Each structure stands twice: as C-alpha cells, then as structure tokens.
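Report on the structure
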Amino acid sequence: MSILLQGLVVTRGTAVGRAVLFESGRIPVTHALIEAHQVETELARLHAARAAAVTELEHLRADIPAGAPVELAALLDVHLLLLQDDAMTDGVRRRITEQHNNAEWALVAELEEFTRRFDQMQDSYLRERKPDIEQVVERVLQQLQAGRRGAARSEAPAPQADEWPAILVAHDLSPADLLQLAKNRFAGFVIDAGGQASHTAIVARSLDLPAVLGARSASRLVRAGDLLVIDGNAGGVIVDPPAAVLSDYVARQRREVQQRQVLARLKKTPAVTLDGEAVELLANIEQPDDVAGALESGAAGIGLFRSEFLFMDAAAPEPDEERQYAFYARAVEALHGLPMTIRTVDLGADKTPAGSGVEPESNPALGVRGIRRSLLRPDVFLMQLRALLRAAALGPVRVLIPMVSHVQQIRQVRGLLARACGQLEASGRAHGPVKLGAMIEVPAAALALPLFQRAFDFLSIGTNDLIQYTLAVDRSEESVAGLYDPLHPAVLRLLASTIGACRQSKHEITVCGELAGDPDWTDLLLGMGLRSFSMNPARLLAVKQKIRQADCRQLERWVQRVLESDDPAAAVSAHLKHASVALRSAA
Ligand code: PEP
Ligand code: MG
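In this text, all values refer to a predicted model and were calculated from it rather than measured experimentally.

Brief notes about the confidence of the model for the protein
- Confidence in the prediction for the protein averages 86 pLDDT; 87% of positions are at 70 or higher.
- Contacts from residues 151-156, a stretch scored under 50 in pLDDT, to residues over four places away or in other chains number 14 contacts.

This is the structure:
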C-alpha cells in the first residue's frame, strides 16, 4: 500500500529511487553501571572516542572538494568546536566518576540535559543549533561502539546496484554526514528532522538535489529497498507508489532533465519578451564567492547581497570596518563593473547571531530588526557604511536599507551616510559614490510609497516579509504555513500598486523576494509592469525562459482581470495550465 509523507519544500525537482536507510539518530545505547575500578577505563574510552571523532571531522574538513558550498567548512568548524568544548565533556565525566554510568549512558544523559536547555531557549537561531549538538554526540557514540567492536566507524551505506538509483532516508543528518554521503551519488534525500533554517537544509539546498526535510517519521515508516518518489516541488514523498503514479513521476523527471538541457542554452540569450520589452535579471547572494555562480547563470549583476552572513558567525567577533571592507571589495571586484546591490545588515528576529547578548523580545519579527537595530547602534552602522563607501571606489555599489517604515528612519540614514562620507574624506581614504535604496517589505512603506520614492534612488520589494507582515503570518512557522498565501488579493494589490506607481513615475523598482525566482509568478510580475527581477541564481534561466515567451501587453490586461477577480488563485492556475498546454503543443 502506498504512503504519502509530507515535509518541507527545500529543493525542487523529482527523484525516483529505492530507499537506503541511514541509521543515524537511533544508535542503541547500553545503559550499564560500572564498578569503581572501571572508572579510569571508561574515561579513557570516552577520551579516545572524542579524539577519534575530532580526527574524523578534521579529515573531512581537509577533504572538502573544490566547489563545495563555502558554508560547509564553517559548519564542520562548528561541530569541531562543540566536540572540543569542555562544557559538555565535563558533565559526561562527572556522570562516569560520580554516578558510575558507562560512557554511552553518561553521554546520552548529558545530551538530554543539553537539549532540554536548548528547548527552553527564546532565541530561535540558538534553538536550531540543537541538532548540531545531537549530531556531535552521535559521532562520539559511534566511535565508542566502533571501539568496542574493535572496528572503525561503519561507513555510510553505499547505494545498491539496481535499476533505480538510491534515495537516502535518515532520521537526521549532520552537514558532515551529508557531505560524506553526497560522494555516494544518491538521487535525493528524505530527512525526518530539520527546519528551513537548519544547517542541513542549507547544505541540502546547495547540493541542488531533490530533498524533503521535516518529513517527521519517514525513517520509521520507510523500509530499506522501498520504492520512493520525492516530489521536491510539493515537499512530499510517496512510498511504494501505484504504477500509474510512478510512470507519471518518471515522465516528469525525464522532462526536468530535458528542461535543464534546454535552459542551459539560454545562458547567453537576452531576457527580452515577445513584444520587445527588455528585462533585467539579477542574482541574490550571501557571500563574495557566490558572484561566480551568479555570473555563470547569466545574471546582469547582483540585486541583493544579504550582508548578515558575515555577522552570523558565532565563533568570530563582530566584523570591524576592515573585515567588512575586504568582504565587500572581493564581491565588487569579482563583478568586473556590473552593478552590486549590498543590503545593510538585517539582523534580528530569526537572524540573531548566537551569543549576541540581545534581550529576548516577546514578538521578535515586530521588534528590533533590520534598520531599527542598525540605528540603535550608530557606531556599528557607520562602520558598515564606511566599508560600503570604500568598496564603491572599486565598482558601482548600491546600498539597500532593510525594514524601513518611518520617515525619521530615512532622515537618520541619510544623515549617517553623509557622516560616514565626511569621516572618510577627513581621513583621506578612497571612497566612491553610492546610490541609496530601500526595501519595500513592510506594508506601511508600500502604502506610503511617495515618501520613499522621494527619499531613495531605488526601491526593491522584499516579498518574503511583505507577505508575512500583510497577512500577519510568521514566514518560518510550519503551523501557519497554509495561511502564507502570496496570491491573497491584499498581497496582489500591494504588489501591483507599488510596481505600477514606480513604473509610472519612472522610479527604479526590483523584486528581490522569493517570488521573483518563481517561474509561476513571472507572468504576474511582468503584467504588473516589473522589468527587474533579483533571485537565487539557480532559478534565473527558468525565469528567463518564461520572459522570452511572454507578451507584456496581453499580460497587463490579464493581470487587471486577476486583480478584479474574487478568486485570483483560480485565475492564475487556469492561466498556468493554459500556458503549459500551449507550450507543449508548440513543441
Ligand atoms: C524579503 O523579505 O523578501 C527579502 C528579500 O529579505 P529576507 O528574505 O532576507 O528577509
Ligand atoms: Mg526581508
């Protein structure tokens, strides 16, 4: 009988294959009381297992293949730090010496204590680090057991020879495990644990394989060898699919491969609609190293460089002006004169660095976030503005301000930018001119648009937050995910009025939220008048393909009807169905 499992959409695409179970997270642990004379031996076992786990991670870190995501090294470093942190091993040692628990028991008991403390934490970023502790403990447990057997830690399961490729199913996977397993050519991953912001989700996304996370009990329900379909677009997994469903997905997978080949041919073709409208396609990035991938996908520049990444590393001190300058300069130089839009730091809410000492807020998404936070610490903000102005001496830089909503914030930002310029001039350091832009992601800014148009050189709509704040739905909360509806008439009207007003007054406007990279949204945004999109580079060619099939005049009329409709979702779905039938018959 088939089973349907629902998880989170992490990476898109279809995979069909046989389940290979990775017995992570369920190592059977022997609970035994030891005699007093065995304490030293048990401590030595613990010490040896920890050392072996450190060596194993160090080898993995040294072997990171070229081209692997840059986050990976940082993630392995976090695990190494945790492994070498005495706070945890001191507790385990105490349980062995004082309570005479065997090493395995002491380790899992201490883990329980730690995870209980993590569950009580207010800070969602810290709470999401809980799996890291669990994965590190598991690594030591595996070494303890390998030591008992006198064998090395069992290798990750290799895919079996079969007509179907292998799909890995696990309760939880550390980024290090994921890296090890990726070498085994799995067609996709299904993982019980993991939120959208978890480290595993970050790595799964960068591997660009179909994956479903948050599939809760998948690893208990799926048996080794079961046939699985991963529907990455819907975040679903079908276990033992009926023949008709299976052949449907096999055909879909084949189409995806063909589509990818067709899309690759579009890299150098211009993004121009059928009626001759040129569209700017920009990339969203988080690291200077991402510029290469963005250029490779044909981006005309960077529309959103989220600068928070530099501030999120708990292991490093807050970056000073020099470190920030080096970071931005590297990205600007890699673009060779193409435009670079760098967003000032948008910390707060779900992006609060570990150990930042920030007081917990009762409603963090509505609290001290983005520009509100920067303005509370003008010296820190000035440091970032100086670093940005200096990077602007190396190429065209546009500075984007997140979460702006009030007029006084505009005045303060302008004032601080002028002060940063003055400081650089006074100290004789080279700097360049910057254009100043605002994110339109708080409904108040969209509704009072002329204020922002007058004050800023350009605007960029952050649909991720604009939807969250318009609908009062937490964008990262699974339990209200069904209410996070981009096609809600209120969202559509805000988008259409903002884009329309900017187009009419010839103000530069871009959309840089996730909707810009969703090909199902390309016609809507074009029909609203948008001519500049910024997105994850992996989505760029699919969006370009939609643009090249679009007729803006027709789409403008269609969008008017959608806006007037009582059921925009039905109108859009009918349009998409019609477009895909037309495309198939043309092919
Ligand atoms: C957005 O809100 O749409 C956006 C691009 O910003 P972030 O996702 O970083 O909040
Ligand atoms: Mg945002």
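Next comes the rest of the account.
Focus: the nonpolar core
- One finds M340, L524 and F533 to be the most contacted residues of the largest nonpolar core, which totals 89 residues.
- For F533, the contacting residues outside a window of four places in its chain are V279, E280, L281, L282, T510, V511, A516, T522, L525, L526 and V543.
- Ranked by size, the runner-up nonpolar core spans 28 residues in total, among them L57, L60, L83 and F114.

Overview of the site of ligand 1
- The local shell around ligand 1 holds 15 residues, among which R306, R343, G462, N464 and R475 are the closest.
- Between E441 and ligand 1, the recorded distance is 3.1 Å, taken from a side-chain N or O atom to an oxygen atom.
- At a separation of 2.8 Å, an oxygen atom of ligand 1 approaches a polar backbone atom of N464.
- Within the complex, the protein chains bury 99% of what would otherwise be the 290 Å² of accessible surface of ligand 1.
- Broken down by secondary-structure element, the contributors of at least two residues to the shell around ligand 1 are β10 (302-306) and α19 (463-471).
- At three residues, the largest contribution of residues to the shell around ligand 1 is made by α19.

With respect to the packing of aromatic side chains
- Applying the stated criterion to the full structure yields five aromatic pairs.
- Both rings, one in F305 and one in F327, keep their centres 5.6 Å apart while their planes meet at 35°; by these two values the pair is tilted. Here F305, found in strand β10, pairs with F327, found in helix α13 (residues 321-334); they are 22 residues apart in sequence, far enough to count as distant. Of the two residues, F305 and F327, neither departs from the other in class, the shared state being buried.
- Here the aromatic cluster, defined as three or more aromatic residues joined through ring pairs, consists of F305, F327 and Y328.
- R390 extends its terminal NZ or CZ atom over the ring of Y325, reaching a point 4.2 Å from the ring centre.
- The ring of F458 carries the charged tip of R398 above its face, separated from the ring centre by 3.9 Å.

Here we look at the pattern of salt bridges
- One pass over the structure, following the stated rule, counts 28 salt bridges.
- One salt bridge connects E277 with R531, and the closest N-O pair in it is separated by 3.0 Å. Here R531 lies in the loop between α21 (519-528) and β16 (532-535) and E277 lies in the loop between α10 (243-264) and β9 (280-285), a separation of 254 residues in the sequence. Comparing E277 with R531, the two get one shared label, buried.

A few points about the sheet that holds strand β8 (residues 236-239)
- The sheet built from eight strands is open, its strands ordered β1-β8-β7-β3-β4-β5-β6-β2 with mixed pairing. Two strands in the sheet have a free side with no partner beyond their single neighbour: β1 (3-6) and β2 (8-11). Taken over all neighbouring pairs, the strand axes of this sheet differ in orientation by 30° on average, direction set aside.
- Most of the contacts of α10 go to strand β3 (residues 14-22), to which it runs at about 110°, and overall it touches β3, β7 (227-231) and β8.

What counts as what
Residues numbered from 1 in each chain as written. Chains lettered and ligands numbered in written order. Predicted model: local features only at pLDDT ≥ 70, side-chain atom pairs only at ≥ 80, totals over all residues. Heavy atoms only, no water. pLDDT = per-residue confidence, 0-100. Contact = heavy atoms within 4.5 Å. Core = buried A, V, L, I, M, F, W, Y, C linked by side-chain atoms within 4.5 Å. Buried < 20%, exposed > 50% of the residue type's maximum accessible area, 1.4 Å probe, protein only. Near = heavy atom within 4 Å. Polar contact = N/O pair within 3.5 Å; in protein donor to acceptor, adjacent residues only side chain to side chain. Areas by Shrake-Rupley, 256 points an atom, 1.4 Å probe, with all protein chains shown as cover. Helix = DSSP H or I, 4+ residues; strand = E, 2+ residues; numbered from the N terminus. Phe/Tyr/Trp six-rings, centres within 6.5 Å; stacked < 30°, edge-to-face > 60°. Lys NZ or Arg CZ within 6 Å of the ring centre and 35° of its normal. Salt bridge = Lys/Arg side-chain N within 4 Å of Asp/Glu carboxyl O. Pairing = 2+ DSSP bridges. Axes fitted to C-alpha atoms, helices over the stretch in contact; angles between N-to-C directions.

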